[in-house]
Amino acid sequence: MPETRGMGAPIVSVALVALFLTLSSTPLVLGGFAGPSVIIVGAGMSGISAGKTLSDAGIKNLLILEATDRIGGRMRKANFAGINVEMGANWVEGVNGDTVNPIWNMANKLNLRKFRSDFDGLSSNIYKENGGLYESSEAEEAIHQFEQMDELASQYSKALPSSGNKDISVLTSQRLQDHVPSTALDMAVDYFNYDYEFAEPPRVTSLQNTVPLPTFEDFGEDVYFVADQRGYASVVYDLASQYLRTSSNGSIIDPRLSLNKVVRRIQYGSSGVTVSTEDGSVYKANYVLVSVSIGVLQTKLIKFEPVLPDWKILAIYQFDMSVYTKIFLKFPSTFWPRGNGTEFFLYASERRGYYPIWQQFEKQYPGANVLLVTVTDEESRRIEQQPDSDTKAECMQVLRNMFGKDIPEATDILVPRWWSDRFFKGTFSNWPLGVNRFEYDQIRAPIGRVYFTGEHTSTHYNGYVHGAYLAGIDSANIMISCIKTGFCKYEIKPKDS
């Protein structure tokens, strides 16, 4: 329970007092491992990363409960048009800087096929709503104007107090510079730079915490598209194989991983936790680490008993779970530009965010004749609720506007539905206005023997694969400190510190 210290800073004690319900302290014992027992809810990058950190510290009496039939979470491949494509996370973001992104090392270890995304020719590949290309000089001017605004916004952002109490939206910073993108061209460039990265519009995105973006500041500005038929989730499987038993073909056969286990209730008290799943199974352990998405925490999928404290619930509800939808289309032949500087092209509609960003895969999937179009936020939600045939028809109309009415019809379409999936409820968290380390500490803070992790608990890298990986390590280390030292208080610094 939180106590008051200094300027109202809560201190969360992991050893809750006896007013909480008493549970059996009989430890879970798996695979012959004794010692403290820990249940991990979710086998995405954070959950698997946390499990390895615990295992490396000698805490091997683990049970990982995963709701789906696989590990990897929002890193998921799907077979489409004879190739495996990524429905979720697809890029290693932040490469070629002074500090090496840990995911880059993992991808290189496995020799995953990956390609540097080439945005250099963008100014020559922006299409008007009703056909034809913008003159490259006009597009370059729009891009240059954005870069100037972004530089000024970055300077303003760095001068704001770290408390976050004077944070403003990206849109507000644009208004301060007397330039709110309003033409179709300006809106397309604006969308490419903000929505395409954060999956939400500038009006709800924090300036202070996204401009400049820590991922690119720390790890480098390059991004690499993973196009490996083994799937991007291979890095998660490799991490899991370092502490979970696998078969000769690489499948995880360790009894400490249990798939298709939908956790619906977590009861916790001073002597342990009880976790109940949808199929009626009940598991008891000393601790539980919850790694589900912030979107799931905002629903009623998992019931906590006792109810989480008000300050914890408020912190969870403050964050946005954004939706980023990658729509793949298969064609009998290519009709779009190919060659250097043509990987990405934009559709500048008067309706902001309407099928705006397209990518062709000449290098990544040669001969596949597949295009990718990305939509976000409200367009994602709208599209998830309509038949794929309607989405395909809308995409075809946009493509005909760009390339003419004689282009071939798409023969297949793949539309992920992350928002509609009760096990995810979106793709990644977005940093809202006025939030700083205080709120992140609140979200990550343990409640008794219940710990939390996930990309949404990463202070600097929320929304990214490396953020999920590092968050799993951080949260596991908080638990390890409690178990090994007996120091089980998690201090949250005051908001204005």
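Residues numbered from 1 in each chain as written. Predicted model: local features only at pLDDT ≥ 70, side-chain atom pairs only at ≥ 80, totals over all residues. Heavy atoms only, no water.

Size it by volume and the second largest pocket reaches roughly 380 Å³. For the second largest pocket, the lining is made up of 18 residues, of which Ser162, Asn209, Asn436, Arg437 and His460 are closest to its centre. When residues of the lining of the second largest pocket are traced back to their parent elements, those giving at least two are helix H7 (214-219) and helix H13 (437-444). When the residues that make up the lining of the second largest pocket are grouped by side-chain class, the tally is 5 nonpolar, 8 polar and 5 charged. (1 Å grid on protein atoms, 1.4 Å probe; cavity = no way out; pocket = protein on both sides within 12 Å on 5 of 7 lines; lining within 4 Å. Points joined across faces, edges and corners; volume = space filled by probe spheres on them. Helix = DSSP H or I, 4+ residues; strand = E, 2+ residues; numbered from the N terminus. Nonpolar A, V, L, I, M, F, W, Y, C, P; charged D, E, K, R; others polar.)

Take the environment of proline 161 next. In this fold, proline 161 is placed in the loop between helix H3 (136-158) and helix H4 (170-176). Among the residues examined, proline 161 registers a relative accessible area of 33% and is labelled partly exposed. Sequence separation between proline 161 and aspartate 496 is 335 residues, and the spatial gap between their C-alpha atoms is 8.7 Å. Those residues in contact with proline 161 that lie beyond four places of it in its chain are Lys166 and Gln208. (Buried < 20%, exposed > 50% of the residue type's maximum accessible area, 1.4 Å probe, protein only. Contact = heavy atoms within 4.5 Å.)

For the bond running from valine 211 to proline 212, omega is -5 degrees, close enough to zero to count as cis. In this model, glutamate 305 is joined to proline 306 through a cis peptide bond whose omega is -5 degrees. Counting through the fold element by element, proline 306 comes out in the loop between strand E15 (303-305) and helix H10 (310-318). If you check the backbone angles, aspartate 178 has positive phi at about 60 degrees while not being a glycine.

So, on to the pattern of salt bridges. This structure, assessed with the given rule, holds 25 salt bridges. Here lysine 303 and glutamate 305 are joined by a salt bridge, their closest N and O atoms 3.5 Å apart. Several salt bridges converge on common partners, so that one network encompasses Arg351, Glu379, Arg382 and Glu394. (Salt bridge = Lys/Arg side-chain N within 4 Å of Asp/Glu carboxyl O.)

With 47 residues, the main nonpolar core has Ile126, Phe328 and Tyr365 as its most contacted residues. Looking at which element gives the most residues to this core, the answer is helix H5 (residues 184-193), with 6 residues. Leaving out residues up to four positions away in the same chain, phenylalanine 328 has contacts with Phe80, Val85, Glu86, Phe361, Val370, Leu371, Leu372, Asp412, Ile413 and Leu414. Formed by 44 residues, the second largest nonpolar core is a distinct cluster that contains Ala50, Leu62, Val92 and Ala476. (Core = buried A, V, L, I, M, F, W, Y, C linked by side-chain atoms within 4.5 Å.)

Turning our attention to the side chain of asparagine 462. Secondary-structure assignment places asparagine 462 in the loop between strand E23 (450-452) and helix H14 (465-485). Overall, the relative accessible area of 10% leaves asparagine 462 in the buried class. Looking at asparagine 462, its side chain comes within polar contact range of the side chain of serine 429, at 3.3 Å. A polar contact of 3.4 Å, which involves the side chain of asparagine 462, links it to the side chain of tyrosine 440. In this structure, asparagine 462 is in contact with Ser429, Asn430, Trp431, Tyr440, Glu455 and His456, ignoring residues within four places of it in sequence. (Polar contact = N/O pair within 3.5 Å; in protein donor to acceptor, adjacent residues only side chain to side chain.)

Residues of the protein with pLDDT of at least 70 account for 94%, and the chain-wide mean is 93. Segment residues 1-25 is flagged for pLDDT under 50; beyond a separation of four residues in sequence, or across chains, it makes 71 contacts in the model. (pLDDT = per-residue confidence, 0-100.)

In this model, helix H1 (residues 45-56) (12 residues) spans 16 Å end to end at C-alpha, consistent with the 16 Å of a helix rising 1.5 Å per residue. Within H1, 11 of the 12 residues are buried, which leaves it mostly tucked inside the rest of the structure. Burial in H1 covers these residues: Met45, Ser46, Gly47, Ile48, Ser49, Ala50, Gly51, Lys52, Thr53, Leu54 and Ser55. Among the structural elements, strand E2 (38-41), strand E3 (62-65), helix H2 (102-109), helix H8 (234-241), strand E14 (287-290) and H14 are those in contact with the buried residues of H1. Downstream of H1 by a residue or two, glycine 58 has a phi angle that is positive, lying close to 90 degrees. (Expected span 1.5 Å × (residues − 1).)

At their nearest, the axes of H1 and H8 sit 9 Å apart, and the two run at 20 degrees to each other. As the angle between them shows, H1 and H8 are arranged roughly parallel. In this structure, the crossing between H1 and H8 has a hand that is left-handed. Residues Met45, Ile48, Ser49 and Lys52 of H1 lie in contact with H8, whose contacting residues are Val235, Val236, Leu239 and Ala240. (Axes fitted to C-alpha atoms, helices over the stretch in contact; angles between N-to-C directions. Parallel < 35°, antiparallel > 145°, perpendicular 65-115°, else oblique. Left-handed = near helix turned anticlockwise from the far one by under 90°.)

Here we take up the environment of glycine 448. Among the secondary structure elements, glycine 448 is positioned in the loop between H13 and E23. Along the primary structure glycine 448 and arginine 382 are separated by 66 residues, whereas in three dimensions their C-alpha atoms are 40 Å apart.

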